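Breakdown of the fold
Residues per chain, in single letters:
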Number of protein chains: 8
Amino acid sequence: MNELLRILRAVEQGELSVEAAARQLKTEPFADLGYAKVDHHRRLRQGAAEVVYGAGKTPEQILGICRDLYRDGNPVLVTRLDAEAAETVGRELPLDYRPLPRLGIVGTQPPHDTENLIIVATGGTSDIPVAEEAAVTAEFLGCPVTRLYDVGVSGLHRLLAQLDVLLQARAVVAVAGMEGALPSVIGGLVDCPVIAVPTSVGYGASFGGAAALLAMLNSCASGVSVVNIDNGFGAGYLAAMIGHIGE
Amino acid sequence: MNELLRILRAVEQGELSVEAAARQLKTEPFADLGYAKVDHHRRLRQGAAEVVYGAGKTPEQILGICRDLYRDGNPVLVTRLDAEAAETVGRELPLDYRPLPRLGIVGTQPPHDTENLIIVATGGTSDIPVAEEAAVTAEFLGCPVTRLYDVGVSGLHRLLAQLDVLLQARAVVAVAGMEGALPSVIGGLVDCPVIAVPTSVGYGASFGGAAALLAMLNSCASGVSVVNIDNGFGAGYLAAMIGHIGE
Amino acid sequence: MNELLRILRAVEQGELSVEAAARQLKTEPFADLGYAKVDHHRRLRQGAAEVVYGAGKTPEQILGICRDLYRDGNPVLVTRLDAEAAETVGRELPLDYRPLPRLGIVGTQPPHDTENLIIVATGGTSDIPVAEEAAVTAEFLGCPVTRLYDVGVSGLHRLLAQLDVLLQARAVVAVAGMEGALPSVIGGLVDCPVIAVPTSVGYGASFGGAAALLAMLNSCASGVSVVNIDNGFGAGYLAAMIGHIGE
Amino acid sequence: MNELLRILRAVEQGELSVEAAARQLKTEPFADLGYAKVDHHRRLRQGAAEVVYGAGKTPEQILGICRDLYRDGNPVLVTRLDAEAAETVGRELPLDYRPLPRLGIVGTQPPHDTENLIIVATGGTSDIPVAEEAAVTAEFLGCPVTRLYDVGVSGLHRLLAQLDVLLQARAVVAVAGMEGALPSVIGGLVDCPVIAVPTSVGYGASFGGAAALLAMLNSCASGVSVVNIDNGFGAGYLAAMIGHIGE
Amino acid sequence: MNELLRILRAVEQGELSVEAAARQLKTEPFADLGYAKVDHHRRLRQGAAEVVYGAGKTPEQILGICRDLYRDGNPVLVTRLDAEAAETVGRELPLDYRPLPRLGIVGTQPPHDTENLIIVATGGTSDIPVAEEAAVTAEFLGCPVTRLYDVGVSGLHRLLAQLDVLLQARAVVAVAGMEGALPSVIGGLVDCPVIAVPTSVGYGASFGGAAALLAMLNSCASGVSVVNIDNGFGAGYLAAMIGHIGE
Amino acid sequence: MNELLRILRAVEQGELSVEAAARQLKTEPFADLGYAKVDHHRRLRQGAAEVVYGAGKTPEQILGICRDLYRDGNPVLVTRLDAEAAETVGRELPLDYRPLPRLGIVGTQPPHDTENLIIVATGGTSDIPVAEEAAVTAEFLGCPVTRLYDVGVSGLHRLLAQLDVLLQARAVVAVAGMEGALPSVIGGLVDCPVIAVPTSVGYGASFGGAAALLAMLNSCASGVSVVNIDNGFGAGYLAAMIGHIGE
Amino acid sequence: MNELLRILRAVEQGELSVEAAARQLKTEPFADLGYAKVDHHRRLRQGAAEVVYGAGKTPEQILGICRDLYRDGNPVLVTRLDAEAAETVGRELPLDYRPLPRLGIVGTQPPHDTENLIIVATGGTSDIPVAEEAAVTAEFLGCPVTRLYDVGVSGLHRLLAQLDVLLQARAVVAVAGMEGALPSVIGGLVDCPVIAVPTSVGYGASFGGAAALLAMLNSCASGVSVVNIDNGFGAGYLAAMIGHIGE
Amino acid sequence: MNELLRILRAVEQGELSVEAAARQLKTEPFADLGYAKVDHHRRLRQGAAEVVYGAGKTPEQILGICRDLYRDGNPVLVTRLDAEAAETVGRELPLDYRPLPRLGIVGTQPPHDTENLIIVATGGTSDIPVAEEAAVTAEFLGCPVTRLYDVGVSGLHRLLAQLDVLLQARAVVAVAGMEGALPSVIGGLVDCPVIAVPTSVGYGASFGGAAALLAMLNSCASGVSVVNIDNGFGAGYLAAMIGHIGE
């Protein structure tokens with residue numbers, strides 16, 4: 001439940017004085033580390049999982065934030081974590097680091113808390129790092145994940161051979177660079193939300209993933225929406241959110 | 001269930017001869033009108049709702065497709081339907097035409113078949129036509145919809161005043177042109193999927209909605225995904241898909 | 001055979017004086033109408049077919065060029081011919097005008113002079129005008145053409161149902177707007193050249209066909225090459241060139 | 001012939017049980033290495049040549065795919081193969097590595113199986129690496145290739161001096177960066193397909209090859225089509241495809 | 001000679017009081033019409049030719065400026081003059097209006113005052129309006145002009161047939177849309193400055209002339225410089241400036 | 001003072017019950033007209049001036065909002081008001097309409113309430129409509145304005161002649177299209193904030209004002225900031241805000 | 001006061017001979033170091049602060065300019081100063097170097113000379129280097145600065161908790177990458193000028209900060225203007241200029 | 001004189017047999033080094049100066065071309081010559097290497113052969129490397145050059161102080177990055193051709209020099225034309241060409 005509203009309602013119902021409410025609003029929702037306001041309120045599941053975006057932060061800043069978030073023993077997912085920062089964090093905190101998607105998990109990953117399946121598919125082998133970012137994120141947030149890698153549209157039989165699996169998904173994360181056609185084809189086969197992730201895989205007129213991005217935004221399949229180029233985390237987070245609907 | 005797979009399984013289980021399967025695969029899934037292959041297989045709900053994309057088709061083509069789809073009495077939603085084509089269709093078929101979002105419904109809109117609420121919000125008054133396309137689509141596909149219009153981020157109190165309503169949504173469609181910040185702000189307030197729709201509202205450096213599109217793709221709020229500029233239909237369809245999860 | 005080289009060789013072999021060669025080089029290859037240099041040398045087939053690009057020329061200029069090219073009775077194809085110019089030309093010359101692809105044929109279209117099949121496929125109904133430009137061009141230049149319209153990748157069964165036909169092609173012209181994925185999927189199914197034609201069909205982030213263009217340039221299928229947005233003529237011309245190889 | 005169709009027809013003709021067909025469809029066309037689905041079906045010629053795209057794959061992944069493809073002794077072409085990966089592959093498999101176009105051939109390149117000539121031309125010296133990728137690819141796939149390098153349009157006499165050779169081509173691959181005018185000029189001289197390859201050679205307003213790409217897409221010469229920036233492989237593959245027509 | 005400097009020097013040499021100098025600096029160089037400051041100082045030749053840019057001005061504003069400039073009987077060139085404004089001006093002043101390049105000359109065009117030849121060449125027929133803007137401007141400013149129209153690079157013999165003429169130019173204005181290759185080819189043939197004018201002629205990936213503009217900026221021929229898309233006036237003005245060097 | 005904070009403080013100080021506070025927060029700051037939330041809180045000066053952005057609103061919507069805002073007799077400025085909507089509004093309310101900048105003032109413009117001078121300068125005559133939007137806005141909001149029109153950088157003496165005036169400004173609004181150099185030159189002459197307004201005046205490579213916009217963003221003069229293309233209102237509003245500092 | 005005008009007036013009032021005036025105009029305003037013309041006239045405050053832009057200059061050039069500017073003991077701010085150049089300068093001159101914003105101050109920073117508060121806010125932790133460039137610049141130029149870091153719009157409570165502080169600002173510098181929404185939200189909360197600084201923080205469709213830049217240019221909040229991507233110095237300078245109005 | 005035409009005329013006048021002419025046309029104009037066709041015909045002056053573009057060529061290729069061109073003792077200018085290649089060339093040939101503009105001169109630079117002055121001006125210190133490329137090129141080709149560096153438009157007095165010098169130019173090369181306004185201002189002061197060179201100096205929204213490029217293309221000053229970003233050589237070459245007109 002939304003913390004801001006909870007406080008306002010507590011005031012309305014007399015459970016909280018105005019002064020305490022104001023104080024809570026100003027101080028509690030986050031720990032102010034100076035360089036970052038660590039937010040203790042954004043959780044997808046009860047008693048669980050925090051996420052830190054590692055890019056553009058120094059190893060020391062990342063460690064500081066992880067230390068703060070992990071003080072209650074809740075596991076923490078760190079994305080865009082380079083090897084150097086991973087070493088800094090791992091020296092003090094228990095870190096499970098995956099170099100390919102550059103992800104780290106501080107503490108113990110919680111077990112699945114839903115049976116709704118997320119499928120993560122890629123067009124090619126080079127898209128796997130981004131796909132892994134999505135897959136590990138969705139798993140970290142409690143969803144079972146099936147990976148279908150290298151099933152791009154220029155070899156349809158590879159994809160059609162997996163139709164059985166595809167049709168069991170609660171949501172599909174479709175990751176592709178180059179022409180970015182995978183989400184359109186999958187979107188025409190399944191009846192669940194397809195989250196399209198363009199990747200920067202490609203060269204020349206791929207313009208750093210812009211070609212795939214535009215293709216996905218123009219998908220003529222219904223049920224397809226798009227996240228930023230290489231944003232595996234965003235897709236995995238949204239997939240997990242959909243995976244928990246009704247739980 | 002996916003028709004393609006059903007046929008293949010029927011063959012496997014001996015319920016269908018190979019010849020019949022091949023014939024079905026080639027002929028049944030759509031009616032070939034010459035200029036269009038009308039697809040009788042894509043339905044979100046049992047016994048319901050077909051959709052026709054009207055742009056780039058002549059009034060006669062639209063009428064022909066609607067006639068084919070409506071022959072079983074199922075209601076048909078026509079998007080991007082201009083006034084002239086609406087008149088052509090309305091002369092022969094029962095059409096409820098909404099000029100603002102340029103939508104038409106052939107036949108009778110079915111009642112809601114879920115209680116999961118979809119919220120459609122806009123940054124400004126000028127975004128309403130796109131928002132209505134999303135809202136009417138979601139309603140047509142069976143979801144209750146609440147509209148929160150003109151709640152843009154440069155006047156936060158207008159949005160915060162609706163926090164109660166926002167927090168009841170199964171999914172939010174956030175429609176905005178210009179700087180496109182609405183989905184980011186809403187995404188930080190709610191815990192459900194936010195479908196961002198950039199609009200071409202604006203001038204100069206909005207570059208036909210590209211500014212809002214880029215802003216939404218770069219949203220730092222989790223749970224936000226994006227559809228094409230002015231694609232109210234796509235957002236409404238996806239919202240309805242999410243609205244029916246678990247039903 | 002190349003006219004320029006023929007003249008130079010005739011000089012070498014003493015069949016032509018230098019003076020005559022120079023005169024021919026300067027005057028014969030084209031008729032100078034002042035506003036245009038009408039080229040009598042570019043012909044794909046013996047005794048046949050000239051082409052005029054109508055855009056950006058006045059009706060009178062088009063008529064003048066057609067009159068010059070048609071003086072030997074050879075049929076003339078005029079592309080990008082609007083209705084007004086068609087009327088001007090048709091008043092003096094025998095013109096078969098097709099309004100949808102805005103093409104006109106002056107004189108009588110010659111019969112096929114090859115059996116090699118060209119297939120023209122489109123993703124949607126709205127791509128048909130561009131596809132017809134390609135198809136009529138290839139037919140005008142002597143190739144049999146089969147049309148497969150509205151077989152876009154978000155409904156794969158429509159395309160797979162036509163696999164038999166697709167595999168008979170000498171070359172495929174794949175016409176698509178929006179996400180432009182059709183050539184990639186077809187390129188993975190056939191073993192012949194696929195000429196991809198992006199169309200300006202779409203809205204928002206299609207950016208006038210740029211999205212489809214980029215997708216096609218990034219196709220991961222082999223054998224795919226691309227022409228300009230909406231350039232049905234160029235695709236039809238190249239397809240006919242391939243259709244006549246070995247004849 | 002297309003494998004997918006062959007299987008379906010075998011079923012129709014009673015040569016294959018449905019169960020076996022389904023099994024073949026799902027398992028045979030490719031070897032699943034986990035990180036890649038190696039496709040044994042895509043061959044341009046009988047008993048020959050496989051291609052691996054090396055970019056974005058680890059040296060170990062490339063070696064694994066080559067090992068799988070080479071197990072029948074068929075030669076394998078690896079494109080975008082950097083020196084480090086070449087060393088990894090060369091330690092286990094017989095590799096002929098060409099550093100300039102970053103290509104490697106595992107096994108023995110087969111002799112020509114057609115006499116149809118492919119010409120590869122470049123505008124400048126700096127375009128040679130991309131041109132070599134095209135030339136080696138076409139040779140690997142069985143075509144004789146003639147190279148015309150440094151014949152850019154700002155010194156026409158260099159190109160015109162080669163007119164004799166140009167006119168013997170079955171297809172021309174025209175490689176150019178900067179203003180990208182070479183394909184237009186060649187397209188006006190020859191009567192065969194011209195495959196235009198823009199390169200990223202240039203600086204400033206070449207925008208990584210976009211200037212050349214746009215110029216080529218807007219070519220006013222007929223018979224010209226375009227592949228991605230620096231995509232020598234794609235051009236060589238398509239040229240070889242055209243080179244084998246009628247064989 | 002530069003007026004600003006002349007005044008300062010007159011002050012230095014005692015020919016002008018500081019007060020008068022200040023007054024002159026502030027008031028004389030232009031007539032202030034309120035909506036425009038008409039500049040009486042910018043003249044290419046003694047006793048001659050003023051230029052007005054007509055776009056974005058009302059017919060009345062254009063008339064007012066022309067009236068002011070023409071009060072000494074000097075001829076005035078008005079560019080981007082639409083038919084309506086031409087009628088307004090022509091009602092009061094002696095106007096020679098050319099509709100194709102949308103140019104008007106108020107008063108009598110002066111005879112040539114140099115023998116240095118300017119050549120204006122175009123790639124196609126559709127580029128003629130822009131070329132005429134350049135040609136008429138150069139003529140108005142006193143240069144003899146030879147026109148070479150429709151000599152695009154996809155038919156080299158048309159251009160090479162004019163080599164004699166080309167080599168006599170003091171400066172060449174090369175006007176082309178689409179792939180914009182004409183200036184590069186001409187730049188490789190001549191030894192004088194080539195002023196490249198991209199035009200908005202084309203469609204699709206010409207992006208309003210951007211393709212031609214980029215190609216020209218990347219020209220590998222020396223001696224080529226570029227003006228804005230469709231800026232025939234700028235090219236003609238610069239050509240006339242070069243045409244008068246040494247006079 | 002900020003209304004939101006005032007309410008919260010009233011609650012803290014016991015002057016307002018929580019219930020009343022919540023009610024105020026939700027209802028008072030704006031009048032909900034259904035299609036728009038009219039904001040009664042955004043005022044630059046005591047007892048004064050409201051602004052309505054007219055683009056994208058129907059004449060009836062604009063009239064409705066003006067009626068609501070004007071009910072206390074406060075004057076209302078309507079920007080981007082086309083002639084048709086002006087007629088609708090003017091039929092019921094006292095409207096002073098300026099067609100050039102498409103602005104309307106409902107009620108009586110208040111007199112200046114500061115002596116701090118705003119200068120609005122333009123590069124050319126065609127920039128005047130945007131400049132007038134800025135000038136009228138600043139006047140409406142209480143500032144005296146001096147206009148310096150047609151003082152573009154290609155005729156420096158026109159600008160330098162006005163140096164006296166320029167140096168008296170509290171803030172300068174510099175409006176220019178094409179190369180957009182005016183703010184840089186002015187920024188180097190004055191010591192006050194320069195608000196740069198790019199305009200869409202120009203053609204070809206001005207790309208709708210993008211060239212001027214980019215030039216202004218890259219200004220090497222200090223004290224320059226930029227608003228959207230053609231955004232005269234935004235510049236005038238900001239200038240008036242600066243004009244009232246310390247009042 | 002403007003030096004140029006002062007000289008001209010001195011001439012008018014007879015206090016300066018024309019010769020001396022000309023000499024002063026040509027020589028005094030700057031020291032010509034050959035590679036740079038060091039400007040001694042641009043000062044925001046009496047007896048104070050010079051600024052050097054360090055990018056693209058060699059360490060020796062920077063040192064030379066600093067030496068010249070510092071010869072009177074006035075402190076000098078050097079922006080975009082990398083560590084190597086800092087070392088070169090620091091070896092000869094007293095330098096306070098801040099590595100994060102890559103700024104150096106030669107000499108002693110003067111104390112505040114105004115009480116008007118500048119607030120510098122950032123959306124995230126990664127925006128801090130740019131924000132520090134703004135903050136240190138404003139402090140160097142004499143303003144007190146309050147920093148509000150990591151208050152991005154996807155966690156509104158972090159920003160609203162600082163409303164008290166925000167409302168005390170004379171001007172706000174709002175620094176944000178990614179979707180760039182912070183200035184719009186702040187612009188809706190405060191009544192003072194908001195200077196928006198887009199940063200290159202982000203990836204994929206942020207296109208090096210272009211997404212944030214476009215969002216800020218399209219801000220629907222009034223009072224917002226924009227500087228170049230990552231231009232913290234420009235924002236700090238403008239903020240200090242506004243901070244000194246009326247002093 | 002044009003070599004191609006000379007040969008054709010010799011044939012016409014019987015001074016050359018057809019066979020010899022053909023042989024000459026094919027072999028003489030350039031030495032074929034395999035990787036490059038060295039052109040012995042492109043010379044601006046009698047008995048002089050060749051130019052080699054060094055980018056994208058290996059040190060060995062550059063050395064080979066220089067050796068061939070220098071065999072008659074004519075000096076050779078090599079542009080875009082990095083330090084490593086300079087060392088390779090300098091080991092065998094007499095090389096004068098300038099690291100800043102990365103230029104090398106093989107042999108002895110010839111003395112001026114004209115008195116017509118070229119002026120090279122820059123907006124800032126960082127533009128000097130590009131300006132030096134232009135200046136050295138023009139000097140190498142025989143023109144006297146005056147440098148006016150760091151005279152950008154945000155400090156007009158620095159430019160106006162050099163007006164005397166500017167007015168003596170036969171042609172001005174105006175080099176500027178960032179907002180690229182220098183050519184417009186200079187173009188308004190002088191009456192000779194201004195060659196604008198945008199540089200990639202800048203950051204953020206300079207987009208690698210695109211902002212300056214666009215500004216220069218949109219210059220409202222007459223007589224201004226533009227070359228590619230950072231193309232100092234092209235500007236220097238064109239300036240020298242103009243410098244020799246009439247000689």
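This section reports on the structure supplied with the text. None of these values were measured; they are calculated from a predicted model.

Comments concerning the overall build of chain A
Within chain A, the secondary structure is distributed over ten helices and eleven strands. Looking at chain A as a whole, 69% of its 247 residues are labelled buried. Pairs at least 24 apart in sequence give 66% of the contacts found in chain A among residues at least 6 apart.

Some details on the sheet that holds strand S4 (residues 76–79) of chain B
Residues and elements named next belong to chain B. The strand order across the open sheet formed by four strands is S3-S4-S6-S5, and the pairing between neighbours is mixed. The outermost strands of the open sheet, each flanked by one partner alone, are strand S3 (50–53) and strand S5 (95–98). Each strand axis lies, on average, 15 degrees off the axis of its neighbour in the sheet, ignoring direction. The pairing of S4 with strand S6 (residues 103–106) spans three bridges and is antiparallel. Paired with Leu77 across the bridge in S6 is Ile105. Against the sheet, helix H3 (residues 59–70) makes contact with S3, S4 and S6, and its axis sits at roughly 160 degrees relative to S4, the strand it touches most.

A look at the interface of chain F and chain G
If you look at the interface, chain F gives 31 residues, while chain G gives 31 residues. Both sides together, the interface formed by chain F and chain G hides about 2800 Å², and carbon and sulfur atoms give 62% of it. Remark: the boundary between chain F and chain G carries zero salt bridges. Here chain F and chain G share four residue pairs in polar contact (both at pLDDT 80 or more) between them. Examining the composition of the side of chain F that touches chain G, we find that five residues originate from one element, helix H10 (residues 232–243) of chain F, more than from any other. Partitioning the side of chain F that touches chain G into residue classes produces 18 nonpolar, eight polar and five charged.

Some remarks on the environment of B:Arg147
Residues and elements named next belong to chain B. Along the chain, Arg147 turns up in strand S8 (residues 145–148). C-alpha separation for the pair Arg147 and Thr114, spaced 33 residues apart in sequence, amounts to 17 Å. Excluding its chain neighbours within four sequence positions, the residues that come into contact with Arg147 are Val120, Glu132, Ala135, Val136 and Glu139. A polar contact of 2.6 Å, which involves the side chain of Arg147, links it to the side chain of Glu132. Side chain to side chain, Arg147 and Glu139 meet in a polar contact 3.1 Å long.

A short note on the layout of surface pockets
Looking at the largest pocket, its volume works out to about 2000 Å³. Lining the largest pocket we find 36 residues, and of these A:Phe207, D:Phe207, E:Phe207, F:Phe207 and H:Phe207 sit closest to its centre. The set of elements that each furnish at least two residues to the lining of the largest pocket consists of helix H9 (210–217) of chain A, helix H9 (210–217) of chain B, helix H9 (210–217) of chain C, helix H9 (210–217) of chain D, helix H9 (210–217) of chain E, helix H9 (210–217) of chain F, helix H9 (210–217) of chain G together with helix H9 (210–217) of chain H. Class assignment for the residues of the lining of the largest pocket results in 35 nonpolar, one polar and no charged.

Considering the packing of helix H3 (residues 59–69) of chain A against helix H4 (residues 83–92) of chain A
Residue and element names in this part refer to chain A. One way to put it is that H3 packs onto H4 with a least axis distance of 9 Å and a crossing angle of 40 degrees. In terms of axis orientation, H3 runs oblique to H4. Here H3 runs over H4; the crossing is right-handed. Contacts from Pro59, Glu60, Ile62, Leu63 and Arg67 in H3 reach Glu84, Ala85, Thr88, Val89 and Glu92 in H4.

Observations regarding the packing of helix H5 (residues 128–140) of chain H against helix H10 (residues 232–243) of chain H
Residues and elements named next belong to chain H. One can describe the packing of H5 onto H10 by two numbers: an axis separation of 7 Å at closest approach and a directional angle of 35 degrees. Pair H5 / H10 crosses with right-handed handedness. Taking contact as the criterion, the partners of Val130, Glu133, Ala134, Thr137 and Ala138 in H5 are, on H10, Gly232, Phe233, Gly236, Tyr237 and Ala240. Here the residues of the contact of H5 with H10 sort into six nonpolar, three polar and one charged.

A closer look at the relation of the copies chain F and chain G
If you rotate chain F by 180 degrees and push it 0.0 Å along the axis, it lands on chain G with an RMSD of 0.0 Å. Such values leave the two copies arranged in the relation of a two-fold axis. When C-alpha distances to the rotation axis are compared across chain F, the minimum falls at F:Val226, with a value of 2.5 Å. The residues that chain F uses at the interface reappear at the interface of chain G in 100% of cases, marking a shared surface.

Quick look at the sheet that holds strand S6 (residues 103–106) of chain F
All names here are of chain F. Spatial ordering of the open sheet is given by S3-S4-S6-S5, a layout of four strands whose pairing is mixed. Either end of the sheet is taken by a strand with one partner, and the two such strands are strand S3 (50–53) and strand S5 (95–98). Strand-to-strand, the axes of this sheet are offset by a mean angle of 15 degrees, without reference to chain direction. Those strands touched by helix H4 (residues 83–92) are S5 and S6, and its axis lies near 165 degrees from that of S5. Where helix H5 (residues 128–140) meets the sheet, its contacts fall on S3, strand S4 (76–79), S5 and S6, and the angle it forms with S6 comes to roughly 15 degrees.

The rules we used
- Sequence order as written defines the numbering, with residues in each chain counted from 1.
- Labels follow written order: the first chain is A, the first ligand is 1, and so on.
- This being a predicted model, a pLDDT of at least 70 is required before a residue's local features are given, and a value of 80 or more before pairs of side-chain atoms are given or counted; all residues contribute to the totals for chains, interfaces and linings.
- No hydrogens and no water enter the side-chain calculation; it runs on all heavy atoms of the structure.
- Secondary structure elements are taken from DSSP: a helix is a run of H or I of four residues or more, a strand is a run of E of two residues or more, and numbering for both begins at the N terminus.
- Buried residues are those whose accessible area, probed at 1.4 Å on protein chains only, stays under 20% of the maximum for their type, while exposed residues exceed 50% and partly exposed ones sit between those limits.
- Pairs of residues are marked as contacts when any of their non-hydrogen atoms sit within 4.5 Å.
- Should DSSP find at least two bridges between two strands, the strands are taken to pair.
- Think of each axis as a best-fit line through the C-alpha atoms, taken over the contacting stretch in the case of a helix, with angles from 0 to 180 degrees between the N-to-C directions.
- Buried area: the sum, over both parts, of the accessible surface (1.4 Å probe) that disappears when the two are put together.
- The rule for a salt bridge is simple: a side-chain nitrogen of Lys or Arg has to be within 4 Å of a carboxyl oxygen of Asp or Glu.
- Counting of polar contacts relies on pairs of N or O atoms within 3.5 Å, with two restrictions inside protein: one atom must be capable of donating a hydrogen and the other of accepting it, and residues adjacent in sequence are counted only when both atoms are side-chain atoms.
- Each residue is assigned to one of three groups, with Ala, Val, Leu, Ile, Met, Phe, Trp, Tyr, Cys and Pro labelled nonpolar, Asp, Glu, Lys and Arg labelled charged, and all others, Gly among them, labelled polar.
- Buried and open spaces are told apart on a 1 Å grid over the protein atoms alone, a cavity being a set of points where a 1.4 Å probe fits but cannot get out and a pocket being an open set with protein on both sides within 12 Å along at least five of seven lines. Residues with an atom within 4 Å of a point are the lining residues.
- Grid points are joined across faces, edges and corners, and a volume is the space filled by probe spheres set on the points.
- Working rule for angles: under 35 degrees goes down as roughly parallel, over 145 as roughly antiparallel, 65 to 115 as roughly perpendicular, anything else as oblique.
- Left-handed describes a crossing whose near helix is turned anticlockwise from the far helix through less than a right angle; right-handed describes the clockwise counterpart.
- Alignment of the copies relies on least squares applied to C-alpha atoms, considering only residues that score at least 70 for pLDDT in both.

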